[in-house]
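Spelled out from the first residue to the last, the chains are:
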Amino acid sequence: MQWKQVLSEMNPYKPGRSTEEVKKRYGLNEVVKLASNENPYGCPSTVAEFLRSSLMPYEIYPDGHATTLREKLAEKHGVSEESILFGNGSDEIITIISRALLDENKHTIMPTPTFPQYAHNAKIEGANFTEVPLVNGQHDLSAHLAAITDKTAVMWICNPNNPTGNLIPHAELLDFLQKVPKSILVVLDEAYFEYVTDPAHVDSLTLLDKFPNIIVLRTFSKAYGLASFRIGYGIGSSEIISQLNKIRNPFNNNTLAVAVATKALEDDAFIYQCRDRNEVQRNRYKDFASKNGLHMFDSETNFVLIEVPGDADEAAEFLLKQGYIVRSGNALGTPGYIRITAGTDEQNSGLFEAFEQLLLENR
Ligand SMILES: *Cc1c(COP(=O)(O)O)cnc(C)c1O
C-alpha cells in the first residue's frame, strides 16, 4: 500500500477508559467518569421524552441541510442561515477546515497544549505547523502573531482552552484579531462557551461583522449533554461557509441526532441551570486546591486542570482504583497535573475523598 508517509508517525485517537472496562478490571460496582467533560446532569429531560415518543423515517436519507435545526439556531444566535455549517461533532468541522485550507505548501498555528485535533489534521494534510506554548495556561497571542509566515492559512484559538480551561480576555482577543491579516482564517473553538461565567466575557459572535475571516465553533456535545449524537457547528461569513460546504459529506448528520439537537435548543433553562451548578462545583475544586496547596488553572469550563503529587499517570491510576476516571496530564502535555470534569455535587465529594487519600499516600 502507498500510505501517506506521515501516517507512520501517527496513532489513532485513544479514548479515555470506559466505565464498563474499569468496573471489570478493578472489580468495582460504581465507577464515575470524569475524564471527557461530558455533562454530569445528562441532557434536557424533554430530549429523553422525545426519543421515547418519536418515530423517524429511518429508511430515508437525512436532510443534509438540517433545515429546522438551522432555522432555530440562526434565530437563537441572530445570524443568517447561510452562515452556519453543521459537522459530525465540531471534530468534523476541524477536519473540513483543514482539508479546505491546508496542504504541503501551507502553514498553520496553534497553542500547545491544546485540543490535539488541530495538529493531528495539519499533519494529515502535510502542512507545516507551529505550536506556540501557553504562558500560565493562557494563549500567548503576540507569539501567535509573530509565528505568521506568508504561507499561514489557518490560526487555531481554543477559547476557553482545553486542557487548561483559561479564557482569553476579550480586549486581548480583539487586539489579536485586529492584527491578523484578513487572508488568514482564524478558528475560535468555543466548545465550552456555555460554561463561561466571567462577567467580562463578550460573545464572539458579535465579532463576525467586523472580522470576516473568523469562524466560531460550538457543539452540542458538552453543555447540551448530547456527545453521543455528534453535532457541532461553525458560524462564519457565508463565503467561508459555502467554501467549507464543498468538502462536507452530504449526509454528515443523521436524522435522529438533528431532531434531538433541535429539541434540546428549546431548553435554555437547562443550559443555564447546568452552567450555574457547574460554577458551584468548579469553585469547590478551587477551594480544594487552595486548601491542599495544589496549583489549579483558572477554569471557565466544566473541567479543571489540577496539580498532583508525583507522577500524573500514577495519580490517575490511584483514582481509577477508587472508581474515578480522570485524564492524566502526561497524555495532555501537562505532566504533574490531571484533568477532572466537574461532576455532580455527590461525584465531586467522592472524588475529593479519593484525592485526599492520594495526598496522604504521597506525604
Ligand atoms: C470536546 C471538544 C471538541 C469536540 O467536540 P465534538 O463536537 O464532540 O466533536 C472540540 N473542541 C474542544 C476544545 C473540545 O474540548
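Conventions and cut-offs
For every chain, the first residue of the written sequence is number 1, and numbering continues from 1 onward in sequence order. In view of the model being predicted, local features appear only for residues whose pLDDT reaches at least 70, and side-chain atom pairs are presented and counted only at 80 or more, with totals across whole chains, interfaces and linings using the full set of residues. Based on all heavy atoms of the structure, the side-chain values leave hydrogens and waters out of the count. Working definition of a nonpolar core: buried Ala, Val, Leu, Ile, Met, Phe, Trp, Tyr and Cys residues. They are joined through side-chain atoms within 4.5 Å. Per-residue accessibility, obtained with a 1.4 Å probe over protein chains only, is compared with the maximum for each type, and a residue is labelled buried under 20%, exposed over 50%, and partly exposed between these values. Segments assigned H or I by DSSP are reported as helices when at least four residues long, segments assigned E as strands when at least two residues long, and all are numbered from the N terminus. In this description, contact between two residues means that some pair of their heavy atoms is separated by no more than 4.5 Å. If a single non-hydrogen atom of a residue is within 4 Å of a molecule or strand, that residue counts as near it. The term polar contact refers here to a pair of N or O atoms within 3.5 Å; inside protein, the definition further demands a hydrogen-donor-capable atom paired with an acceptor-capable atom, and it admits residues adjacent in sequence only when both atoms are side-chain atoms. Accessible areas in this description were obtained via Shrake-Rupley with a 1.4 Å probe; residue shielding takes into account the shown protein chains only. Polar here means any residue other than Ala, Val, Leu, Ile, Met, Phe, Trp, Tyr, Cys and Pro, which are nonpolar, and Asp, Glu, Lys and Arg, which are charged; Gly is therefore polar. Like charges within 9 Å and nonpolar side chains (Val, Leu, Ile, Met, Phe, Trp, Tyr) within 5 Å are joined into patches, using only residues over 30% in relative accessible area that form no salt bridge. The working definition used for a salt bridge is a side-chain nitrogen of Lys or Arg within 4 Å of a carboxyl oxygen of Asp or Glu. By definition, two strands form a pair when at least two bridges between them are found by DSSP. Each axis is a line fitted through C-alpha atoms, taken for helices only over the stretch in contact, and angles between the N-to-C directions span 0 to 180 degrees. UniProt positions are given in the numbering used here, feature names are shortened, and annotations may be inferred rather than shown by experiment. To count as a disulfide, a pair of cysteine sulfur atoms needs to be within 2.5 Å.

What follows concerns the nonpolar core. One finds Leu69, Phe176 and Phe220 to be the most contacted residues of the largest nonpolar core, which totals 54 residues. With seven residues, the single largest contributor to this core is helix 9 (residues 255-265). Those residues within four positions of Leu69 in sequence are excluded, and the remaining contacts are Phe86, Phe220, Ile231, Val258, Ala261, Thr262 and Leu265. Core analysis: the next-biggest nonpolar cluster, separate from the first, contains 26 residues, Ala316, Ile338, Ile340 and Leu358 among them.

It is worth spelling out the site of the ligand at this point. Close to the ligand lie 13 residues, the nearest being Ser90, Asp189, Thr219, Ser221 and Lys222. Residue Asp91 places a main-chain N or O atom 2.9 Å away from an oxygen atom belonging to the ligand. When the ligand sits alone it has 390 Å² of accessible area, and the protein chains cover 94% of it. By residue class, the composition of the shell around the ligand is four nonpolar, five polar and four charged.

Moving on: a nonpolar patch on the surface. A surface patch of nonpolar side chains, about 450 Å² in accessible area, is lined by Met1, Trp3 and Leu7. If you trace the backbone, Trp3 turns up in the segment before helix 1 (19-26).

The next point concerns the sheet that holds strand 11 (residues 327-328). In spatial order, the strands read 9-12-11; together these three strands make up an open sheet with antiparallel pairing. Looking at the sheet topology across the chains shown, the edges are occupied by strand 9 (303-307) and strand 11. Strands strand 9 and strand 12 (337-341) of the sheet are contacted by helix 10 (residues 268-291), whose axis makes an angle of about 5° with strand 9. Here helix 12 (residues 345-361) sits on the sheet in contact with strand 9 and strand 12, set at roughly 160° to strand 12.

Attention now goes to the UniProt feature "modified residue: N6-(pyridoxal phosphate)lysine" (unreviewed entry) in the protein chain. Per the UniProt annotation, the sites labelled "modified residue: N6-(pyridoxal phosphate)lysine" (unreviewed entry) are Lys222. In this fold, Lys222 is placed in the loop between strand 7 (214-219) and strand 8 (232-236). A residue is classified by how much of its surface remains accessible, and Lys222, at 15% relative accessible area, is buried. When sequence neighbours within four positions are dropped, the list of residues in contact with Lys222 reads Ser36, Asn37, Asn39, Ala191, Tyr192 and Tyr195.

Attention now moves to the state of the cysteines. In total, this model carries zero disulfides according to the counting rule given. With no disulfide partner, Cys43 has as its closest neighbouring cysteine sulfur the one in Cys274, 9.7 Å distant. By relative accessible area, Cys43 is classed as partly exposed at 25%.

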